[in-house]
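Residue-level listing of the chains:
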Amino acid sequence: MSKLLRTPLYESQIASGAKMVDFAGWEMPVSFGSIIDEHRAVREKAGIFDISHMGELVFRGPNAAEKLEKVFSRRVSDLDIGAGRYGLLLTEQGTVVDDLIIYRTDVEEFFAVVNASRISADVAHIQRYCGTDWFENQSNSWSALALQGPVAVKLWESYSQNAAPARFGIASLALGKVNLLVARTGYTGEDGVEIIVPSQDVVDIWKALLSRGAAPCGLGARDSLRVEAGYPLYGHELSEELTALESGAGWAVDFTKEKEWLGSTALSGQKQKGVSKKLVYLTSTDKSAIPREGYKLFNADEQVGYVTSGVFGPTVGSGVGMAIVNSPYFSTESQLDMEVRGRRSSVSIFKKPLYKAK
Amino acid sequence: MNIPNDLKYTETHEWVRIEGDVATVGVTDHAQAELTDVVFVDLPQIGKKLKRKEPVAVIESVKAASDIYTPVSGEVIETNASVKDKPSLVNAAPYTEGWLFKLKMTETQDMQSLLTAESYKNLLGG
């Protein structure tokens, strides 16, 4: 195995009691003691995550918007400077290369934050369909923090002495001598900001936000928070094996784009015909049967689906998960049986995520 | 990492305390840290006869389900009702209040296959 990469926060996190795990080739904290405490800190106050492993791509030029709209599932040409949009990089088959947020940072400049595990796949994909000379992979220059929770924005504003941007907006900011980007985004189901900062300056900001009361949080809480909120994770709900519509990400595909885009033929056809399997959300009240990735779902004796992610949801108070199920089981809220260690346990199927911030 | 000297251990991170022919079993401090927050413990039925290294219990944490293997063969004589009610005891006190089950041992030679505290410490890499 190749050596795991470390973010600049490694030492500080170890000092805060982090237990590290391998995530997408990075040595990242899974928890600083208790996943449940970290989860609650984010739902009730503010938690902070190191997301320095994530990738940053910068696109420039007079044709940047047009090129992006060829590979990205939504429009970007209509974005105002400082606005962003979540969407997908699609294959010709309508399956998903990555999910990402693209921000317009200038008239002819766009900034994208992508999954750590997909940086090289994204770069190769964009190069293949749109050429090489108009974008730059800046992932090695940037680190990033996600400050999340009902008081996260207030905490950030009092620290930075600047108003946070609107939801899905991004702003550049000079904090002392540090030039950083702040985006009003996150992956927890709570309000918050993501702070994209030159790698050499991230430790100071991490420490300052901890000292102002943000709880350090790891990947364990990041997973339980995103599963409750129904956010997909690449490699689980999203992949090159499932189309955007099957992954339940049809809402993030703009079928009204004028010019043809990668995946438009495949997805338009599938939209018309209807999908044969689709993402659903599920709960299990039986604590001995918490859904886990790979568990099979049954209707009577027929296997009709499989779990893609599952955790115990500390806020929901039961097992929660996501699954891909066959037609017609994704179109009604019903019960299915989940196979757990050789026995069956009933789970409830929902069409909407289980947690929404108040 | 806490590894009490008076207990025996397994490669699968269970501990066992042997008093006469009764063995008390739980998971180690290392195991509870790996499992993260325990939310449910599925314990074997009293009276059930278990064979060494068999998966006999399951610990569900926030992020994963893990099998627990019995370090010795025997018949289940008691299970810890407290961890049923308060699974977080496995995290908070893995060697004391967080014990899982007690067995009446049937195979005394099983004891020879258990690890000492020092061997277990070496297994974890010092």
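Residues numbered from 1 in each chain as written. Chains lettered and ligands numbered in written order. Predicted model: local features only at pLDDT ≥ 70, side-chain atom pairs only at ≥ 80, totals over all residues.

Quick look at the overall build of chain B
Counting its secondary structure elements, chain B contains four helices and nine strands. Listing each helix as α and each strand as β along chain B from the N terminus yields β-β-β-α-β-β-β-β-β-α-α-β-α. Here chain B has a C-alpha radius of gyration of 13 Å; the compact-globule value for 126 residues is 14 Å, and the two agree. Taking the principal axes of the C-alpha coordinates as reference, chain B spans close to 35 × 35 × 20 Å. Counting the 126 residues in chain B, one finds 41% classified as buried. (Helix = DSSP H or I, 4+ residues; strand = E, 2+ residues; numbered from the N terminus. Rg over C-alpha atoms; globule rule 2.2 N^0.38 Å. Buried ≥ 20, exposed ≤ 12 C-beta atoms within 10 Å, placed from the backbone.)

Here's the deal with the overall build of chain A
When you go through chain A residue by residue, the secondary structure sums to eight helices and 19 strands. Taking 21 Å as the expected radius of gyration for a compact globule of 358 residues, we find that chain A reaches 20 Å, a close match to that expectation. Projected onto the principal axes, the alpha-carbon positions of chain A cover approximately 65 × 50 × 45 Å. Here chain A, with 358 residues, has 49% of them falling under the buried criterion. For chain A, contacts bridging at least 24 residues in sequence account for 66% of all contacts bridging at least 6. (Contact = placed C-beta atoms within 7 Å.)

Focus: the pairing of strand E1 (residues 19-23) of chain A
Residue and element names in this part refer to chain A. In the sheet, E1 pairs with strand E2 (residues 26-31) via five bridges, with the strands oriented antiparallel. Residue pairing for E2: Lys19 is matched across the bridge by Ser31. The loop that links E1 with its antiparallel partner E2 comprises two residues; one of these, Ala24, has a positive phi angle of about 50°. (Pairing = 2+ DSSP bridges.)

Remarks on the nonpolar core
Counting 131 residues, the largest nonpolar core has A:Leu145, A:Leu147 and A:Ile195 as the members making the most contacts within it. Residues contacting A:Ile195, with those up to four places away along its chain left out, are A:Ala144, A:Leu145, A:Leu147, A:Leu180, A:Val182 and A:Ile205. (Core = buried A, V, L, I, M, F, W, Y, C linked by C-beta atoms within 7 Å.)

Here we look at the sheet that holds strand E5 (residues 49-50) of chain B
All names here are of chain B. Pairing is antiparallel in the open sheet, where six strands are placed in the order E1-E2-E3-E9-E8-E5. Every other strand in the sheet has two partners, leaving strand E1 (8-9) and E5 as the edge strands with one partner each. Across two bridges, the pairing between E5 and strand E8 (residues 74-79) is antiparallel. Along E8, the bridge assignment pairs Leu50 with Gly74.

Focus on the interface of chain B and chain A
Each partner contributes residues to the interface: chain B has 12 residues there, and chain A has 17 residues. Listing elements by their share of the side of chain B that touches chain A, those giving two or more residues are strand E4 (38-42) and strand E6 (55-61) of chain B. At three residues, the largest contribution of residues to the side of chain B that touches chain A is made by E4(B). Residue composition of the side of chain B that touches chain A, grouped by class: seven nonpolar, one polar and four charged. (Nonpolar A, V, L, I, M, F, W, Y, C, P; charged D, E, K, R; others polar.)

Brief notes about the confidence of the model for chain B
Overall, the predicted model of chain B reaches an average pLDDT of 95, with 99% of residues at or above 70. With a pTM of 0.95, the predicted complex shows an ipTM of 0.89. (pLDDT = per-residue confidence, 0-100.)

A word on the environment of A:Leu88
Residue and element names in this part refer to chain A. Looking at the secondary structure, you find Leu88 in strand E5 (residues 84-90). Judged by the 25 C-beta atoms lying within 10 Å of it, Leu88 is buried. Note: C-alpha distance between Leu88 and Ala244 (156 residues apart in sequence) is 8.0 Å. When residues no more than four places from it in sequence are discounted, the contact partners of Leu88 are Ser73, Val96, Asp99, Ala244, Ala249 and Ala252.

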